[in-house]
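# What the coordinates show
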Amino acid sequence: MRHEIDNALLKSLLPAVVQAEDMLARVDERAARSPVGEGFAERGHFFDAAGALWVAGELVHVEDLVLHDAHMDSRTPSHELTIAHAVLRARRRIWTSDPAWALSAAGLNALAGAGLDEGTAPETKGFAAATEEADEPDQLLSAELAEIDAVLARSQRLLDAHMGKPVEAEEERPKEKRSDDPLGLFGDDEWDEGQRLADWRGVLPLAGELPPVLAAAVLFDAWERIEPLRRQSWLGGLLVSSHLRARGKVSSHLFSFYAGLKSVRHERRRSRDRLTRLLAFLEAMSDSAATGLKEMDRLLLARTQMELRFRDRRSNSSLPQLAEFVLSRPMVSSAMVAKQLKVTSRGALNLLNEIGIREITGRGRYRAWGII
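Quick caveat: nothing in here was measured; it's all calculated off a predicted structure.

### Comments concerning the overall build of the protein
- Counting its secondary structure elements, the protein contains 17 helices and two strands.
- In the protein, of all internal contacts separated by at least 6 residues, the share reaching a separation of at least 24 is 68%.
- Counting only carbon and sulfur atoms, one obtains 51% of the accessible surface of the protein, whose full area is about 19400 Å².

So, in structure tokens, the structure goes:
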């Protein structure tokens, strides 16, 4: 596979590269200096996780993801919701780790589900280990459901071949069986994920010679073409964000690449023409940065309005803590507030009424509040 960037292609990409570089610099500077920067960064995890599933063709509501993350599901979580939560946890793990960790061999192995003991991420931003322990049942369920999906997909391919339907030819690779799957029931012997990951990492030296934004587009394009992880295709966008952070382009938060990519048409994202694909990825980064700037404007206005509510309150009031919690989540419920602030359910409802944010469900039960 050819990954080089020729001069003609570079000239065609130059306007989009300049615009994306400018937009990312603006959103990074704004988030680094804004009083709502931390809340913006945390909210970005949720929106990007939902965006990753949207790009994959699945719909996951951000509200359901917030409740699932708080272990307060209103219904049995779907397979798609479980995957979205895996994306959310992966983003948090990347963010709490060293900037270059995710793109290292140990980081990739850990994020891909292999070598978790050897490749544990050094947590530098205080992410509680209890969160990972509480998520262990979800991880097990996600792995089991993903293996079932792999079996179904493989069965469909065999049926198509038996019925005489054309099957896309794949590059021949050495056959390897998973050590934990001696019967070959769940894995695809001809899909060598280790070699494909190595092929993708081979693009990193080229990316290091390019401007950060163009390098991110090249890395994501290579990920889409090589398809290293069939059950974790969403990891590519997270690695792009990690690359932008490692290069110092967006260091104030983990960039939400999928939040912008979902607004780009599928025909452009999956085009046969490489120039069209790279332009689409650059446009996605510009769109995500523009959305981030608007989001910070909304959060800053909401924060100012909430501050007016508790400006003259006593020093031990819970309203300032509630304001910070509301800014860090797309929505909150009274149960989430009660758990976070360690107050009663009635006290949580009183605080929500006092702080002045809007109820967004319009229901009498299972209500939720958020910044609109």
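After that view of the structure, there is still more to cover.
### A closer look at the packing of aromatic side chains
- Enumeration over the complete set of coordinates arrives at five aromatic pairs.
- Ring centres of F220 and F281 lie 4.9 Å apart, and the angle between their planes is 90 degrees; on these two criteria the pair is classed as edge-to-face. Separated by 61 residues along the polypeptide, F220 in helix α10 (residues 212–226) and F281 in helix α14 (residues 274–310) bring together distant segments of the chain. Neither residue differs from the other here; F220 and F281 are each classed as buried.
- Put simply, the rings of F220, F257, Y258 and F281 pair up and form one aromatic cluster.
- Seen from the ring of W54, K262 lies directly overhead, with NZ or CZ sitting 5.8 Å from the centre.

### A closer look at the pattern of salt bridges
- This structure, assessed with the given rule, holds 17 salt bridges.
- Of the charged contacts in the structure, one is a salt bridge between R92 and D69, with a shortest N-O distance of 2.8 Å. On the criterion of sequence distance, the pair formed by R92 in helix α4 (residues 79–95) and D69 in helix α3 (residues 62–69) is long-range, its members being 23 residues apart.
- Looking at D69, the relative accessible area reads 12%, which means it is buried.
- For R298, the salt bridge is made with E295, and the minimal N-O distance between the two is 2.4 Å. Pair noted here: R298 and E295 are both in helix α14, with a separation of three residues, about one helical turn.
- Owing to a relative accessible area of 13%, E295 belongs among the buried residues under this scheme.
- Where salt bridges share partners, they join E42, D69, R92 and R329 into one cluster.

### Some remarks on the environment of L9
- As for its placement among the helices and strands, L9 is situated in helix α1 (residues 7–33).
- With a relative accessible area of 13%, L9 lands in the buried category.
- Sequence separation of L9 and L275 is 266 residues, and the distance between their C-alpha atoms is 6.9 Å.
- Apart from the residues lying within four places of it in its own chain, the contact partners of L9 are R274, L275 and L278.

### Let's talk about the nonpolar core
- Core analysis: the biggest nonpolar cluster contains 102 residues, and W200, W234, L239, F257, L282, M285 and L322 have the highest contact counts within it.
- With 13 residues, the single largest contributor to this core is α14.
- Contact partners of F257, with chain neighbours within four places excluded, come to D48, F220, G237, V240, S241, F281, A284, M285 and S288.

### Focus: the confidence of the model for the protein
- Residues at a pLDDT of 70 or more form 78% of the protein, whose mean pLDDT is 82.
- Predicted confidence for residues 114–137 stays below pLDDT 50, and this span has 33 contacts to residues more than four positions away or in other chains.
- Counted against residues more than four places away or in other chains, residues 167–187, with its pLDDT under 50, gives 29 contacts.

### Things to note about the packing of helix α15 (residues 319–327) against helix α17 (residues 345–355)
- In contact at an axis separation of 10 Å, α15 and α17 are set at 80 degrees when each is read in the N-to-C sense. Comparing their axes, α17 and α15 come out roughly perpendicular. Judged by residue contacts, L319, L322 and A323 of α15 engage L351, L352, E354 and I355 from α17.

### Re α4
- Look at α4: 25 Å from first C-alpha to last across 17 residues, which is about the 24 Å you get at 1.5 Å a residue.
- Burial analysis of α4 places 15 of its 17 residues in the buried class, which makes it a mostly covered element.

### Overview of α17
- Within the span of α17, buried status applies to A348, L349, L351, L352 and I355. Each buried residue of α17 sits inside an arc of 160 degrees when the element is viewed along its axis, so together they form one side. Exposed residues lying more than 90 degrees from the buried face of α17 are R346 and N353.
- Those residues of α17 hidden inside the fold are in contact with α14, α15, α16 (334–341) and β2 (369–370).
- Positive backbone phi, at 85 degrees, marks G356, one or two positions downstream of α17.

### Brief notes about the environment of H253
- Mapping H253 onto the fold places it in the loop between α11 (235–246) and α12 (257–261).
- With relative accessibility at 4%, the residue H253 sits in the buried group.
- Spatially, the C-alpha atom of H253 lies 7.5 Å from that of A31, the residues being 222 residues apart in sequence.
- Ignoring anything within four residues of it in the chain, the contact list for H253 reads V27, A31, F40, A41 and W95.
- A distance of 2.9 Å separates polar atoms of two side chains, one belonging to H253 and the other to S252.

### Looking at the packing of α14 against α15
- Orientation of α14 relative to α15, taken along the N-to-C sense of each, is 165 degrees, at an axis distance of 10 Å. Put simply, α14 runs roughly antiparallel to α15. Crossing of α14 against α15: the hand is right-handed. Residues L299, R303, M306, R309 and F310 of α14 touch α15, and the partners they reach there are L319, P320, A323, E324 and L327.
- Split by residue class, the contact of α14 with α15 holds seven nonpolar, no polar and three charged.

Cut-offs used in this document
Residues numbered from 1 in each chain as written. Predicted model: local features only at pLDDT ≥ 70, side-chain atom pairs only at ≥ 80, totals over all residues. Heavy atoms only, no water. Helix = DSSP H or I, 4+ residues; strand = E, 2+ residues; numbered from the N terminus. Contact = heavy atoms within 4.5 Å. Areas by Shrake-Rupley, 256 points an atom, 1.4 Å probe, with all protein chains shown as cover. Phe/Tyr/Trp six-rings, centres within 6.5 Å; stacked < 30°, edge-to-face > 60°. Buried < 20%, exposed > 50% of the residue type's maximum accessible area, 1.4 Å probe, protein only. Lys NZ or Arg CZ within 6 Å of the ring centre and 35° of its normal. Salt bridge = Lys/Arg side-chain N within 4 Å of Asp/Glu carboxyl O. Core = buried A, V, L, I, M, F, W, Y, C linked by side-chain atoms within 4.5 Å. pLDDT = per-residue confidence, 0-100. Axes fitted to C-alpha atoms, helices over the stretch in contact; angles between N-to-C directions. Parallel < 35°, antiparallel > 145°, perpendicular 65-115°, else oblique. Expected span 1.5 Å × (residues − 1). Arc of directions from axis to C-beta. Polar contact = N/O pair within 3.5 Å; in protein donor to acceptor, adjacent residues only side chain to side chain. Left-handed = near helix turned anticlockwise from the far one by under 90°. Nonpolar A, V, L, I, M, F, W, Y, C, P; charged D, E, K, R; others polar.

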